[in-house]
Amino acid sequence: MKEAIFSGMRPTGSLHIGHYLGVLENWKILQENYKCFFGIVDWHALTTKWQDSADLKAYIEEMLAEWLSCGIDPKKSTIILQSLVPEHVHLHMVLSMLTPVSWLERNPTVKEQARELGIEEQLTYGHLGYPVLMAADILIYKSKKVPVGIDQVPHLEMTREIARRFNFHYKEIFPEPEALLAEFPKLLGVDGRKMSKSYNNAIYLKDDEKSVNEKVASMITDPERIKKTDPGHPDVCNVFSYYGVLFKSELFQVRERCEKAQIGCVDCKKQLAKKINEILEPIRSQRNYYLSHKDMLWDILKSGSNSASSYCKNTIREVYEAMKLNY
Ligand code: SF4
């Protein structure tokens, strides 16, 4: 039997090309080799956006439409909506009882997120405790591996500590999950900063051709290249880094033409935008199709969540038995 793994995304807005390359392309490989549970983790979205609960439904539909358009296949993976699998919450409740507050208070990510969102003074119990919910999401499937980027490895440590604490006090039920590291190609935003919704510098999967053209046209290139006849320095150019991630086969040629001043930045960007549009076009049309078939989206979520719930019930039964709560 294939090993189970869980990975999820918070439904807080449209996905960008960085999500496509960094996460969804990896999930497509994983779904061929593992028993994958991919979760739209709506409880996690509420940890920071609890006032915006009315927006969640549309975000959930959009996220699933984008996953499917990028090739996440409900016949190969179990796609769940976290709030439709109550076992996640049940295990979260159990793990909350045994997780010391001091572990949560030393988590730098919560403080950083709260600072970014300007909610340092209003940190909620749910937000502080999100690592416990994350631990429940992973441990409920008894996942031995978790797909993460290198920068997320420290976050996994808390899940391992919580599993260890449960196993020590009650019974050896949970594996201590290891990071399943993936080499995520990193794309910067069009302004050269980290690609992020809050910086308004991302190329979204839903962007139409015109928006992609405009965003690529706005990208900063080699600042020393004033005229088209000046030889360029591709290694300092964000446009070139996009070629490096998206169109490796073109890399040598672009470098040569840039360094020999055989191509101007305007044409180089136009060529890049055209290629990005070629990638996005089928995703856009699939996305529109799914968003006009919302019943189908909810059927996928309900069916996946029901099947995950049956799977997770075994873990909950074992947990309650170990704790002598099987009354
Ligand atoms: Fe960048 Fe292309 Fe201009 Fe060279 S020609 S500096 S790679 S945009």
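Everything here concerns the structure above.
Description of the structure in this document. In this convention, every chain numbers its residues from 1, walking through the sequence in written order. A pLDDT threshold of at least 70 governs which residues receive local features in this predicted model, and a stricter bar of 80 or more applies before side-chain atom pairs are shown or counted, although totals over entire chains, interfaces and linings include all residues.

**What about the site of the ligand?**
- Taken together, 14 residues are adjacent to the ligand, and Gly 232, Cys 237, Cys 258, Cys 265 and Cys 268 come closest.
- Those elements that place two or more of their residues in the shell around the ligand are helix H11 (238–246), helix H12 (251–259) and helix H13 (265–291).
- Secondary structure follows DSSP: runs of H or I at least 4 residues long count as helices, runs of E at least 2 residues long count as strands, and numbering of each begins at the N terminus. In terms of residue count, the dominant contributor to the shell around the ligand is H13 (three residues). In this text, near has one meaning. A residue is near a molecule or strand if its C-beta atom, placed using the backbone, is within 6 Å of it.

**Quick look at the nonpolar core**
- Counting residues in each nonpolar core, the largest one holds 74 residues, and the members touching the most others are Leu 64, Ile 72, Leu 95, Ala 135, Ala 136, Leu 139 and Leu 272.
- With eight residues, helix H8 (residues 130–139) is the single largest residue contributor to this core.
- Contact criterion: two residues are in contact if their C-beta atoms, reconstructed from the backbone, are within 7 Å. The contact partners of Leu 95, leaving out residues within four places of it in the chain, are Val 132, Ala 135, Ala 136, Ile 162 and Phe 166. Think of a nonpolar core as buried Ala, Val, Leu, Ile, Met, Phe, Trp, Tyr and Cys residues, each tied to the set through C-beta atoms within 7 Å. For every residue, the other C-beta atoms within 10 Å of its own C-beta are counted; 20 or more classify it as buried, 12 or fewer as exposed, and values in between as partly exposed. C-beta atoms are placed from the backbone.

**What to know about the packing of helix H4 (residues 86–98) against helix H14 (residues 294–322)**
- Angles here are taken between N-to-C directions and fall from 0 to 180 degrees, while the axes themselves are lines fitted to C-alpha atoms, restricted in helices to the stretch in contact. As a packed pair, H4 and H14 sit with axes 9 Å apart at the nearest point and diverge in direction by 25°. Between H4 and H14, the angle falls in the class roughly parallel. Where H4 crosses over H14, the two elements pack in a sense that is left-handed. Across the interface between the two elements, Pro 86, Glu 87, His 90, Leu 91 and Val 94 of H4 pack against Ser 309, Cys 312, Lys 313, Ile 316 and Val 319 of H14.
- Along the lines of polarity and charge, the residues of the contact of H4 with H14 split into six nonpolar, two polar and two charged. In this scheme, roughly parallel covers angles under 35 degrees and roughly antiparallel covers those over 145, while 65 to 115 is roughly perpendicular and the rest are oblique. Two helices cross in a left-handed way if the nearer one is turned anticlockwise from the farther one by less than a right angle. They cross in a right-handed way if the turn is clockwise. Put simply, Ala, Val, Leu, Ile, Met, Phe, Trp, Tyr, Cys and Pro go in the nonpolar bin, Asp, Glu, Lys and Arg in the charged bin, and everything else, Gly too, in the polar bin.

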